[in-house]
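# Examining the three-dimensional arrangement
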Amino acid sequence: MKQRRVERVERRRALVELNLVADAKTRSARGPRGCGSLFGGILIDVAILVLAMLGLS
Amino acid sequence: MRSGAAQLPDASFAAGKVIDPPAVGNALKQLLARTEVSQTHASVAVSDSIATFRVLDVPLDETDQQITVAVAKEMTLDPERIATRWVTVSTGEGRRRVYAAAWDRAALKACTDAVKQAGVDAAVVELKSAAIARTVQEPSCVVLDLAANPAELVLLDRSTPHTWHSFPLANGAGEGLAETLAGPIQSVVRFHRRTPRSTFREDSPILISAEQAVPQQALNQLSALTGLPVRVLGQPPRVPPNVRHSTYLACLGLIMRRSS
């Protein structure tokens, strides 16, 4: 018996992701890229350090 | 995960703006060395004081070009001095929700120059409010940062920053705190509730991030004055005490980005 396909529901919240230093060509939001990209190219500890310095005091 | 924080030299940084990029860069370089961080790419959250932002709901069939025109009309700013960019946040019910930001080019350059001076490339730079919005579970709320000087608040609706506001706290977190906070919060909330498609409700909370303990009495008073529930964001475990809570949240928000 053929199983009915389960429809995927996007449960993730729609979030703002605007990079002020991104190329202007990437103006429209791209779709989510999954968890694999969560840490890709982003260095967590540097983020924390930079933020602590620049920010936000 | 390593983390750290440091004081900046006097007069190198004020009210969210980098005044002296080499001085800030050198301090950052020393901090990186001290915490043994050797990576050369970074995500950076910058103060909302260098920018302004708007959320627009536009018909789904509007072209990108039409949206760019609408954003320019909404933010009538000098394009020589101010850069503008927008992104689509969501689509639904025949509308497209757009978040547009405009920022001072020179102020942003001062931030990126400081990072560069430290030998680090800023791959992502975003506003602190956008980073914090990603970390908060409540879709509609006011996040209040009492550790910042001046104090800052951001109103989120559908997990999107709508309004950012800063105001001085004359007595720190002492006498009359509830009264001091109620004014700015009420005006921001009232203004937002009048906007079309606002989903900010009477049970949307005020979330407070503070370095010092806020007395329960002040929280109760603030709730009574604003008519909104008030909660203090708990200090996360395993974060060094010198890393402020709102700084921690902003960093977490940077890490939670789905795109680079």
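Values in this document were obtained by computation on a predicted structure and should not be read as measured data.

### A look at the overall build of chain B
For chain B, the count of helices and strands is seven helices and twelve strands. Here the C-alpha atoms of chain B give a radius of gyration of 19 Å, agreeing with the 18 Å that 2.2 N^0.38 yields for 260 residues. Evaluated residue by residue, chain B yields a buried proportion of 41% over its 260 residues. A separation threshold of at least 6 residues defines the contact pool for chain B, and within that pool the share at least 24 residues apart is 66%.

### Focus: the pairing of strand β5 (residues 82-92) of chain B
Residue and element names in this part refer to chain B. Alignment of β5 against strand β6 (residues 95-104), held across ten bridges, turns out to be antiparallel. Across the sheet, W86 pairs through a bridge with A100, a residue of β6. Between the antiparallel neighbours β5 and β6 lie two residues, among them E93 with a positive phi of about 50°.

### Thoughts on the sheet that holds strand β11 (residues 206-209) of chain B
Residues and elements named next belong to chain B. Pairing is mixed across the open sheet formed by five strands, whose spatial order is β10-β9-β8-β11-β12. Each edge of the open sheet carries a strand with a single partner, namely β10 (160-167) and β12 (230-232). Mean inter-strand twist for the sheet, computed between neighbouring axes without regard to direction, equals 20°. Looking at chain direction, strand β8 (residues 141-145) and β11 are connected through four bridges and run parallel. Pairing of L144 across the sheet is with I208, part of β11. Docked against the sheet, helix α4 (residues 128-135) engages β8, β9 (151-157) and β10, running at close to 125° with respect to β10. On the sheet, helix α6 (residues 216-226) packs against β11 and β12 and is oriented at approximately 145° with respect to β12.

### Some remarks on the domain arrangement of chain B
Residues and elements named next belong to chain B. Assigned domains within chain B: domain 1 (13-49 + 106-255) and domain 2 (50-105). Computed over C-alpha atoms only, the centres of domain 1 and domain 2 are separated by 23 Å. Facing the 15 residues of domain 1 at the interface are eleven residues of domain 2. When contributions to the side of domain 1 that touches domain 2 are tallied by element, the ones reaching two or more residues are α3 (105-117) and β10. Per element, the largest residue contribution to the side of domain 1 that touches domain 2 is four residues, and it comes from α3.

### Comments concerning the sheet that holds strand β4 (residues 51-59) of chain B
Residues and elements named next belong to chain B. One open sheet holds the three strands; their spatial order is β4-β6-β5, and the pairing between them is antiparallel. Only two strands of the sheet have a single neighbouring strand rather than two, namely β4 and β5. Averaged over all adjacent pairs, the angle separating strand axes in this sheet is 20°, with direction ignored. Bridge analysis of β4 against β6 gives nine bridges, and the strand direction is antiparallel. The partner of L56 across the bridge, within β6, is V98. In the packing of helix α2 (residues 64-74) onto the sheet, the strands contacted are β4, β5 and β6, and the crossing angle to β4 comes to about 135°. Against the sheet, α3 makes contact with β5 and β6, and its axis sits at roughly 75° relative to β6, the strand it touches most.

### Thoughts on the environment of A151 of chain B
Residue and element names in this part refer to chain B. Examined against the element boundaries, A151 turns out to sit in strand β9. What makes A151 buried here is the crowd of 20 C-beta atoms within 10 Å. With sequence-adjacent residues up to four places away left out, A151 is seen in contact with D145, L146, S166, F167 and L169.

Definitions and limits used
Residues numbered from 1 in each chain as written. Chains lettered and ligands numbered in written order. Predicted model: local features only at pLDDT ≥ 70, side-chain atom pairs only at ≥ 80, totals over all residues. Helix = DSSP H or I, 4+ residues; strand = E, 2+ residues; numbered from the N terminus. Rg over C-alpha atoms; globule rule 2.2 N^0.38 Å. Buried ≥ 20, exposed ≤ 12 C-beta atoms within 10 Å, placed from the backbone. Contact = placed C-beta atoms within 7 Å. Pairing = 2+ DSSP bridges. Axes fitted to C-alpha atoms, helices over the stretch in contact; angles between N-to-C directions. Domains from an automatic or database assignment.

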